[in-house]
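# Structural overview for review
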Amino acid sequence: LLTNLNNIYISMNNILLLKTKTVPSDPYHELLSKNEITHHFIPLLTHKHLPEECINKFKNNYQNIDYLIITSQRAVEALQQSILPTLDTDVTNYLLKLPIFTVGPATAAFLQKIGFTNIKGGSEAGNGSILADIIINDKEQTNYKDKNGLFLVGEIRKDVIPRKLKPLGFQLTELVVYTTTSMENIMQRYNSKLLEDANNIVVFFSPQGTEEIVAKINSNIKVLSIGPTTEEYLEGKKIKVDGVCEKPTAEALLKLLKESLI
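Rules used throughout
Residues numbered from 1 in each chain as written. Predicted model: local features only at pLDDT ≥ 70, side-chain atom pairs only at ≥ 80, totals over all residues. Heavy atoms only, no water. Axes fitted to C-alpha atoms, helices over the stretch in contact; angles between N-to-C directions. Helix = DSSP H or I, 4+ residues; strand = E, 2+ residues; numbered from the N terminus. Parallel < 35°, antiparallel > 145°, perpendicular 65-115°, else oblique. Contact = heavy atoms within 4.5 Å. pLDDT = per-residue confidence, 0-100. Salt bridge = Lys/Arg side-chain N within 4 Å of Asp/Glu carboxyl O. Buried < 20%, exposed > 50% of the residue type's maximum accessible area, 1.4 Å probe, protein only. Phe/Tyr/Trp six-rings, centres within 6.5 Å; stacked < 30°, edge-to-face > 60°. Lys NZ or Arg CZ within 6 Å of the ring centre and 35° of its normal. Nonpolar A, V, L, I, M, F, W, Y, C, P; charged D, E, K, R; others polar. Pairing = 2+ DSSP bridges. Arc of directions from axis to C-beta. Polar contact = N/O pair within 3.5 Å; in protein donor to acceptor, adjacent residues only side chain to side chain.

## Here's the deal with the packing of helix H4 (residues 73-83) against helix H6 (residues 105-113)
Taken N-terminus to C-terminus, the directions of H4 and H6 make an angle of 10°; their axes are 10 Å apart at the nearest point. Classified by the angle their axes make, H4 and H6 are roughly parallel. Along the contact surface, H4 presents Gln 73, Val 76, Glu 77 and Gln 80, while H6 presents Ala 106, Thr 107, Phe 110 and Leu 111.

Laid out in structure tokens, this is it:
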């Protein structure tokens, strides 16, 4: 009976996810749908691949790359769609066998899907700071400080990993593979999904593209954050954060919803 009451209460909530729905499948959509939770995706950002410099790097100097770092699904998409298809088989095979450090289970699964076989971090690394520590402390297997690393990034990115690794002497090159801009009509699409007869809950996945929404958040809307970095941003904007996910995963969001909203 209690479980049924909980499910009824959760169903009264209207969840707005400030992210683009991942294709062909989105773990947040699948899990929330399975639990009969009403939710809507509000895309905020559009991405453009910038593959040329990375392609040239791989074609001309791939054997001098010892490991890769990639922390964004957008960067993985650029790699999959715009970079790897242009490379010779020998180059591709070399890259897919390299140690590749990543953040979160979703990005790790994406890398595995496109053929990488030596993925590190993943579910063990909830953010860039933890991933940097994994790279630093992996001396038992490989001392990456003596290796050449390539970090594939977006034009706008956090510099947590370079700030931790470079002062220790790590040879790390950052290479921009995509750029991000805010989409049009964000507020129109956001307002259209707010419901008067439901508890509106907005889930922030990143600070990027949220400026207009942040300016309109009021006390009638519950705010959840996918992680501590986004929480810090929201609190800096004087937004009360009602809950923070333990990890940037669909399972952690569902757990937070059940714990904080029942």
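## Focus on the confidence of the model for the protein chain
The predicted model of the protein chain averages 90 in pLDDT, with 94% of residues at 70 or higher. When pLDDT is averaged over each element of the protein chain, helix H5 (residues 89-97) comes out on top at 97 and helix H1 (residues 2-11) at the bottom at 49. With pLDDT under 50 throughout, residues 1-5 is counted as low confidence; its partners more than four residues away or in other chains account for zero contacts.

## Digging into the pattern of salt bridges
Per the counting criterion, the structure on display carries 10 salt bridges. The partner of Glu 77 in a salt bridge is Arg 74, with the nearest N and O atoms 2.9 Å apart. Of the two residues, Glu 77 and Arg 74 both sit in helix H4, three residues apart, roughly one turn of that helix. Among the residues examined, Glu 77 registers a relative accessible area of 18% and is labelled buried. With its nearest N and O atoms 3.9 Å apart, the salt bridge here joins Glu 174 to Lys 166. Overlapping salt bridges bring together Arg 157, Lys 166 and Glu 174 as one network.

## What about the packing of aromatic side chains?
Inspection of the entire model under this criterion finds five aromatic pairs. Pairing Tyr 67 with Phe 101 gives two aromatic rings, centres 5.9 Å apart and planes at 85°, and the pair type is edge-to-face. Of this pair, Tyr 67 sits in strand E4 (residues 67-70) while Phe 101 sits in strand E5 (residues 99-103), and the two are 34 residues apart along the sequence. Relative to Tyr 144, the ring of Tyr 67 lies with its centre 4.9 Å away and its plane at 75°, an arrangement referred to as edge-to-face. Within this pair, whereas Tyr 67 is found in strand E4, its partner Tyr 144 is found in the loop between helix H7 (128-136) and strand E7 (148-154), the two being separated by 77 residues in sequence. As far as the burial class goes, Tyr 67 and Tyr 144 line up, both buried. A cation sits over an aromatic face here: Lys 19 above Phe 205, 5.8 Å from the ring centre.

## Examining the packing of helix H3 (residues 52-61) against H4
Interhelical geometry of H3 versus H4 gives an angle of 70° and a closest axis separation of 11 Å. Regarding the angle of H3 to H4, the classification is roughly perpendicular. Where H3 approaches H4, its residues Cys 54, Ile 55 and Phe 58 are matched on the opposing element by Leu 79, Ser 82 and Ile 83. Among the residues forming the contact of H3 with H4, the class breakdown is five nonpolar, one polar and no charged.

## Some remarks on the sheet that holds E5
As summarised here, the arrangement of the six strands in space is E3-E8-E7-E4-E5-E6, forming an open sheet in which the pairing is mixed. Among the strands making up the open sheet, the edge pair consists of strand E3 (45-49) and strand E6 (118-122). Ignoring which end each strand starts from, the neighbouring axes of this sheet average 25° apart. Where E4 meets E7, four bridges bridge the pair, whose relative direction is parallel. When the bridges of E7 are listed, Ile 69 appears paired with Phe 151. Running over the sheet, H3 touches E4, E7 and strand E8 (171-182) and is turned about 150° from E8. Running at roughly 155° to E5, H7 makes contact with E4, E5 and E6 of the sheet.

## Some thoughts on helix H11 (residues 228-236)
For an α-helix, the turn length of 3.6 residues means that residues three or four places apart are oriented alike. Those residues of H11 that sit buried are Thr 230, Tyr 233 and Leu 234. Down the axis of H11, the sector holding all buried residues measures 95°, keeping them to one side. Facing away from the buried side of H11 by more than 90 degrees, the exposed set consists of Glu 232 and Gly 236. Of the surrounding secondary structure, the elements contacted by the buried residues of H11 are strand E9 (199-204), helix H10 (211-216) and strand E10 (222-225). Of the residues one or two after H11, Lys 238 is the one with positive phi, at around 65°.

## Describing helix H2 (residues 27-34)
If you check which residues of H2 are buried, you get Tyr 28, Leu 31 and Leu 32. On an axial view of H2, the arc spanned by its buried residues comes to 95°, and they lie on one face. Residue Asp 26 occupies the N-cap position of H2, its side-chain oxygen lying 2.8 Å from the main-chain nitrogen of Tyr 28.

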